[in-house]
Amino acid sequence: MSKMHAVAVIGLGSMGMGVATSCIRAGFDVYGIDLSDAARQALAAAGAKGTSGQCTDFAAQLDAVIVLVVNAKQVNAVLFESGLAARLKAGTPVMVCATISADDAKAIAAKLAQYDLRMLDAPVSGGAAKAASGELTVMASGEPAVFDQLQPVLNAVAAKVYNVGPEIGKGSTVKIIHQLLAGVHIAVGAEAMAMAARAEIPLDLMYEVVTNAAGNSWMFENRMKHVVEGDYTPTSMVDIFVKDLGLVADSAKAMHFPLPLASTALNMFTEASNAGFGQEDDSAVIKIFSGITLPKKER
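Residues numbered from 1 in each chain as written. Predicted model: local features only at pLDDT ≥ 70, side-chain atom pairs only at ≥ 80, totals over all residues. Heavy atoms only, no water.

## As for the overall build of the protein chain
From N to C terminus, the protein chain includes twelve helices and nine strands. In terms of C-alpha radius of gyration, the protein chain reaches 20 Å, essentially the compact-globule figure of 19 Å for 299 residues. Expressed along its principal axes, the backbone C-alpha trace of the protein chain runs to roughly 60 × 45 × 35 Å. Burial analysis of the protein chain (299 residues in total) assigns 50% to the buried set. Within the protein chain, counting contacts between residues at least 6 apart in sequence, those at least 24 apart form 68% of the total. Here the protein chain has roughly 14100 Å² of accessible surface; of this, 55% comes from carbon and sulfur atoms. When the 23 positive and 29 negative side-chain charges of the protein chain are each reduced to one mean point, those points stand 4 Å apart. (Helix = DSSP H or I, 4+ residues; strand = E, 2+ residues; numbered from the N terminus. Rg over C-alpha atoms; globule rule 2.2 N^0.38 Å. Buried < 20%, exposed > 50% of the residue type's maximum accessible area, 1.4 Å probe, protein only. Contact = heavy atoms within 4.5 Å. Areas by Shrake-Rupley, 256 points an atom, 1.4 Å probe, with all protein chains shown as cover. Lys, Arg positive; Asp, Glu negative; His and termini not counted. Charge placed at Lys NZ, Arg CZ, Asp CG, Glu CD.)

## Focus: a nonpolar patch on the surface
Taken together, Tyr162, Val164 and Val174 make up a surface patch of nonpolar side chains, about 230 Å² in accessible area. With respect to the helices and strands, the residue valine 164 is situated in the loop between β9 (158–163) and α8 (170–198). (Patch = residues over 30% accessible without salt bridge, like charges linked within 9 Å, V, L, I, M, F, W, Y side chains within 5 Å. Salt bridge = Lys/Arg side-chain N within 4 Å of Asp/Glu carboxyl O.)

## Notes on the pairing of strand β6 (residues 118–121)
The sheet contact formed by strand β5 (residues 93–96) and β6 spans four bridges and is parallel. From the neighbouring strand, valine 94 faces β6, where its bridge partner is methionine 119. With respect to chirality, the unit in which β5 leads through helix α5 (residues 102–113) into the neighbouring parallel β6 is right-handed. (Pairing = 2+ DSSP bridges. Right-handed = clockwise from strand over helix to strand, strands pointing away.)

## What to know about helix α3 (residues 72–81)
Among all positions in α3, only Ala72, Val75, Asn76, Val78, Leu79 and Phe80 are buried. Where α3 terminates, the next one or two residues include glycine 83, which has phi positive at roughly 90°.

## Overview of the sheet that holds β9
Strands sit in the order β7-β8-β9 across an open sheet of three strands; the sheet is mixed. Lying at the two open borders of the sheet, with one neighbouring strand each, are β7 (124–125) and β9. Two strands pair when backbone bridges link them, and β7 and strand β8 (residues 136–140) are joined in this way by two bridges, in the antiparallel orientation. By the bridge assignment, serine 125 is partnered in β8 with threonine 137. Across the sheet, α8 lies against β7 and β8, angled at about 130° from β8, the strand it touches most. (Axes fitted to C-alpha atoms, helices over the stretch in contact; angles between N-to-C directions.)

## Notes on the environment of aspartate 104
By the element assignment, aspartate 104 lies in helix α5. Residue aspartate 104 is classed as partly exposed on the basis of its relative accessible area, which comes to 32%.

## Examining the packing of α8 against helix α10 (residues 218–229)
At a closest axis distance of 9 Å, the pairing of α8 and α10 adopts a crossing angle of 45°. Overall, the two elements α8 and α10 adopt an arrangement that is oblique. For α8 against α10, the interelement crossing comes out right-handed. Contacts from Ala182, His185, Ile186, Gly189, Ala190 and Met193 in α8 reach Met219, Phe220, Arg223, Met224 and Val228 in α10. Per-class residue counts for the contact of α8 with α10 are eight nonpolar, two polar and one charged. (Parallel < 35°, antiparallel > 145°, perpendicular 65-115°, else oblique. Left-handed = near helix turned anticlockwise from the far one by under 90°. Nonpolar A, V, L, I, M, F, W, Y, C, P; charged D, E, K, R; others polar.)

## So, α8
With 29 residues, α8 ought to run about 42 Å at 1.5 Å a step, and its terminal C-alpha atoms sit 42 Å apart, in line with that. A positive phi of about 60° marks glutamate 200, the residue just after α8. (Expected span 1.5 Å × (residues − 1).)

## Observations concerning the side chain of serine 22
Looking at the secondary structure, you find serine 22 in helix α1 (residues 14–25). Judged by relative accessible area, which is 2%, serine 22 ranks as buried.

## A closer look at the sheet that holds strand β3 (residues 50–52)
The sheet built from six strands is open, its strands ordered β3-β2-β1-β4-β5-β6 with parallel pairing. Among the strands making up the open sheet, the edge pair consists of β3 and β6. Between one strand axis and the next, the sheet turns by 20° as a mean value, whatever way the strands run. Judged from the five bridges that link them, strand β1 (residues 6–10) and strand β2 (residues 29–33) form a sheet pairing that is parallel. Paired with alanine 6 across the strands is aspartate 29, a residue of β2. Its contacts with the sheet place α3 against β1, β4 (64–67) and β5, and it is angled at close to 150° to β4.

And the structure:
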């Protein structure tokens, strides 16, 4: 770690907080950037070297930047509109972990290059629990030298790192295809549980059967548990999948590639968002089904 001491994590949500604490455990000087006072205070209590609501406060000290915000607009805001890119040391690697389109990844990399900064197109998967334990899956593309620079950081935050090649945008494309599966699995899990509710089968029983049978998936097991418990406190929101499945649809359109299942899932999440459930856990997509009674959280 001789050349990698100070790391900034921009975006201290459920994933970013875990990444930041994993970096602290690995011995880095970690700086956390977020608009939330509570998030900054939590990271400071975990041992961060510094926290701020401003991206530029620690720029001169940084050896790497990890960006864990929601979309390309936010990535551009924290890197360029804030003035951060102009203040970073030349050659600083920037690990962009947001789920964005391949075209947006390429455009961001080109802007960073104007400041002599290197980008790793590095979306992640694993959720808050894997982020907190330093066991994320990273699907990344970028020049070999950038992988080498960021290897200590990748060791700290990930259990698996897949090198998709040198072309920026390929990492984002792999993540988009992954999100196709994740979104469809949640949507079809919700459909199955809604049908069980309509048939007056206890949802805890249905959940137990599926999670011990061939129809199970990680997304069903994780998300439909929220339905059984009646708890839609978000770790990933309905609106995240409106965004991500929208990226899936846009990417497929550019390829002239049909996506019948993903298109249906996107419509389901969009309907849930329009019904007022956009800020709830993505399992709340089940609420679009009428004529069923769902469990309520015990008080």
